[in-house]
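Descriptive analysis of the structure
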Amino acid sequence: MSRLVSGTGALALCAALVFAAAPAVAQDAVQAAATDLASLIPGGEGAVSGRIVQLFGIVTVLSIAPGLLVMVTAFTRVVIALSILRTGLGLQTTPANLILISLSLFITFFVMMPTFDQSWRDGLQPLMRGEITEEEALPRIAEPFRDFMLDQVRSQDLALFADINEASIRDRLPEVAQGSGEGEIVDFRVLVPAFMISELRRGFEIGFLIVLPFLVIDLIVATLTMSMGMMMLPPTIISLPFKILFFVLIDGWNLLVGSLVRSFY
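All residue numbers refer to positions counted from 1 along the written sequence of the respective chain. Confidence filtering applies because this is a predicted model: local features only for residues at pLDDT of at least 70, side-chain atom pairs given and counted only at 80 or more, and all residues used for totals across whole chains, interfaces and linings. Based on all heavy atoms of the structure, the side-chain values leave hydrogens and waters out of the count.

Looking at the overall build of the protein
Just so we agree on the cut-off: What counts as a helix is a DSSP run of H or I of at least four residues, what counts as a strand is a run of E of at least two, and both are numbered from the N terminus. For each residue, the accessible area found with a 1.4 Å probe, counting protein chains only, is set against the maximum for its type, and the residue is called buried under 20%, exposed over 50%, and partly exposed in between. For the area figures, the Shrake-Rupley method with a 1.4 Å probe applies, and any residue is considered shielded solely by the protein chains shown.
Counting its secondary structure elements, the protein contains 11 helices and zero strands. Looking at the protein as a whole, 27% of its 265 residues qualify as buried. About 17200 Å² of surface is accessible on the protein, with carbon and sulfur atoms providing 70% of the total.

Examining helix α11 (residues 252-262)
For clarity, the threshold we go by: Residues are treated as being in contact if the distance between any of their heavy atoms lies within 4.5 Å.
Among the residues of α11, those classed as buried are Gly-252, Leu-256, Gly-258, Leu-260 and Val-261. Each element contacted by the buried residues of α11 is listed here: α4 (75-89), α5 (97-128), α9 (188-227) and α10 (235-249).

Let's talk about the pattern of salt bridges
The condition that has to hold: Salt bridges, as used here, are contacts in which a Lys or Arg side-chain nitrogen is within 4 Å of a carboxyl oxygen on Asp or Glu.
Inspection of every chain in the model, using the stated rule, returns five salt bridges. In this structure, the salt-bridge partner of Asp-157 is Arg-154, at a minimum N-O distance of 3.1 Å. Arg-154 shares its class with Asp-157; the two are buried. One salt bridge connects Asp-218 with Lys-243, and the closest N-O pair in it is separated by 3.3 Å. Taken together, the residues span a long stretch of sequence, with Asp-218 in helix α9 and Lys-243 in helix α10 at a distance of 25 residues.

A look at the packing of α5 against α11
For clarity, the threshold we go by: Angles run from 0 to 180 degrees between N-to-C directions of axes, and those axes are lines fitted to C-alpha atoms, restricted for helices to the stretch in contact. Comment on the angle field: the value is read as roughly parallel under 35 degrees, roughly antiparallel over 145, roughly perpendicular from 65 to 115, and oblique elsewhere. Crossing handedness is read from the near helix: turned anticlockwise from the far helix by less than a right angle, it gives a left-handed crossing, and turned clockwise, a right-handed one. Ten residue types, Ala, Val, Leu, Ile, Met, Phe, Trp, Tyr, Cys and Pro, are classed as nonpolar, four, Asp, Glu, Lys and Arg, as charged, and the remainder, Gly among them, as polar.
In the contact formed by α5 and α11, the axes pass within 10 Å of each other and the chain directions differ by 40 degrees. The orientation of α5 with respect to α11, classified from their angle, is oblique. Our pair here, α5 against α11, has a crossing hand that is right-handed. Here Leu-103, Ile-107, Phe-110 and Val-111 of α5 come into contact with α11, specifically with Trp-253, Val-257 and Val-261. Of the residues that constitute the contact of α5 with α11, the class distribution is seven nonpolar, no polar and no charged.

Observations concerning the packing of aromatic side chains
Applied cut-off: Note on ring pairs: Phe, Tyr and Trp rings are taken, using the six-membered ring of Trp, and paired if centres are within 6.5 Å. Classes follow the plane angle, with under 30 degrees stacked, over 60 edge-to-face and the rest tilted.
Counted according to the given criterion, the structure contains seven aromatic pairs. Consider the rings of Phe-116 and Phe-145, whose centres lie 5.8 Å apart with planes at 55 degrees: the pair is tilted. Linking Phe-116 in helix α5 with Phe-145 in helix α6 (residues 134-152), this pair joins segments that are 29 residues apart in sequence. Phe-116 gets classed as partly exposed once you look at its relative accessible area, which sits at 24%. For Phe-145, a relative accessible area of 16% gives the class buried. An angle of 65 degrees between the planes, with centres 6.0 Å apart, marks the rings of Phe-148 and Phe-195 as edge-to-face. On the criterion of sequence distance, the pair formed by Phe-148 in helix α6 and Phe-195 in helix α9 is long-range, its members being 47 residues apart. For Phe-148, a relative accessible area of 9% corresponds to the buried category. Relative accessible area serves as the criterion here: at 0%, Phe-195 is assigned to the buried category. Aromatic ring contacts, followed pair by pair, group Phe-214, Phe-246, Phe-247 and Trp-253 into a single cluster.

Let's talk about the layout of surface pockets
Just so we agree on the cut-off: In this analysis a 1.4 Å probe is tested at points of a 1 Å grid over the protein atoms alone, and where it fits but cannot get out there is a cavity; an open set with protein on both sides within 12 Å along at least five of seven lines is a pocket; lining residues have an atom within 4 Å of a point. Grid points are joined across faces, edges and corners, and a volume is the space filled by probe spheres set on the points.
Computed from the structure, the second largest pocket encloses a volume of approximately 270 Å³. For the second largest pocket, the lining is made up of 13 residues, of which Leu-209, Ile-210, Gly-252, Leu-255 and Leu-256 are closest to its centre. Broken down by secondary-structure element, the contributors of at least two residues to the lining of the second largest pocket are α9, α10 and α11. Residue composition of the lining of the second largest pocket, grouped by class: 11 nonpolar, two polar and no charged.

Listed below in structure tokens is the structure:
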């Protein structure tokens, strides 16, 4: 009986020690969690809330990255030309959308590689090394894209959005459009939409030149089928193999892709 009482007392003593140490263990866990949170949000001049806002901004930019790729690169012109080519050939699903988008992306990367290299070298790389701050890195990253868009944008389109925007940009537009105004900066809210409609125009111009020979083939085949009395037979069925053969014989992919890339230089 005495052994049972002594064992019960030992268990009670252990429980008391555990409960007494529990607050200290909980406090240590809270301090460890706070330390981990501090490591996730590195210190800086701003408060913790400011760092959280910066992280939220980075996540937002990453989420709209596909849209940025379309807006400020050569992707728009390339994908429109390739899409019109497929329509001119009379093929609805060949090449597949995945193939057209992939080819457009790689052509875009090839055309934009000097711009990407300059943006990495002047902005991103010094930022990752800690040599410059985020405020200094953002203009350096954006400037190569601004130069690329200014080289490709039409002065009429730039004038349109400058007139809509404000008088100050409209006053310095001629110097910017001619490239003689050193130190003048065109706002991105003016430059980006002007660049996009310029790319749409050039894409449709290239598409017209692509579709024109295929249209001639369709007209010839339609005339022949009508003269032979085959009015119930769709001319596109007969003209399709001739259009594919014509495109292959002239090495169409080489000519088209080469012309698209050279149009940016």
